[in-house]
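Descriptive structure summary
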Amino acid sequence: MDINELWQKMQNEFDKQNERLDKIEVQVAKIPEIEKQVAKIPEIEKQVAKIPGMQQEIRALNSKVSTLSNRVSRLENITDKIDKKLDDTININIAKILNEQTAMRIEMNAKFNMLMLKHDRDYKKLEYQIAKLANDTGMNYLV
């Protein structure tokens, strides 16, 4: 890199810095106006305090906000209690449903087992009668 290229790069950087400084100067020029407005704040507060009834209205508003906050917290507590009761009720109902399903399954299994035993017994009787008839006629049915 030669000296001219280096000089060009430095000029570009200076130009960028000048642009930034111009923007900062615009912002700094606004500072006295902001300071004037900030200086007016205590005066405005005094004027608001002098307004007849303003302090009472502020106190009344604070009281209403406090009352509203208390009511909201009570509502939240009540809602939490209702949610807990609903959860308990749902859990109890689910437990009852599961118990009923279990009892039905046990009953159905018992009936199914009884039917299977009856079917096996009837099948054995039929098989015995077929074997007896086959024996009486001299035939062998187990081919």
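Check the entry above for the structure.
Residues numbered from 1 in each chain as written. Predicted model: local features only at pLDDT ≥ 70, side-chain atom pairs only at ≥ 80, totals over all residues. Heavy atoms only, no water.

**What about the overall build of the protein chain?**
Each helix and strand in the protein chain was counted, giving two helices and zero strands. With the principal axes as the frame, the protein chain shows a C-alpha extent of 130 × 75 × 10 Å. Summing over all exposed atoms, the protein chain offers an accessible surface of approximately 13800 Å²; the carbon and sulfur share of this is 60%. Positive and negative side-chain charges of the protein chain, numbering 24 and 23 respectively, have mean locations separated by a distance of 12 Å. (Helix = DSSP H or I, 4+ residues; strand = E, 2+ residues; numbered from the N terminus. Areas by Shrake-Rupley, 256 points an atom, 1.4 Å probe, with all protein chains shown as cover. Lys, Arg positive; Asp, Glu negative; His and termini not counted. Charge placed at Lys NZ, Arg CZ, Asp CG, Glu CD.)

**A few points about helix H1 (residues 3-50)**
Given a rise of 1.5 Å per residue, 48 residues ought to cover 70 Å, and the 71 Å separating the end C-alpha atoms of H1 matches this to within 8%. Roughly 30 degrees is the biggest bend found in H1, and it falls at Ile41, with proline Pro42 one to four residues downstream. (Expected span 1.5 Å × (residues − 1). Bend = angle between axes of the 7 residues up to and from the residue.)

**So, the environment of Glu43**
Along the chain, Glu43 turns up in helix H1. Accessibility expressed as a relative area gives 49% for Glu43, which makes it partly exposed. When the C-alpha positions of Glu43 and Tyr128 are compared, they lie 117 Å apart, and in sequence the two are 85 residues distant. (Buried < 20%, exposed > 50% of the residue type's maximum accessible area, 1.4 Å probe, protein only.)

**Looking at helix H2 (residues 54-137)**
Counted at 1.5 Å a residue, the expected span for H2 with its 84 residues is 124 Å, and the 121 Å between its end C-alpha atoms agrees. Of the residues one or two after H2, Gly138 is the one with positive phi, at around 85 degrees.

On their own, these measurements won't tell you what the molecule is for.
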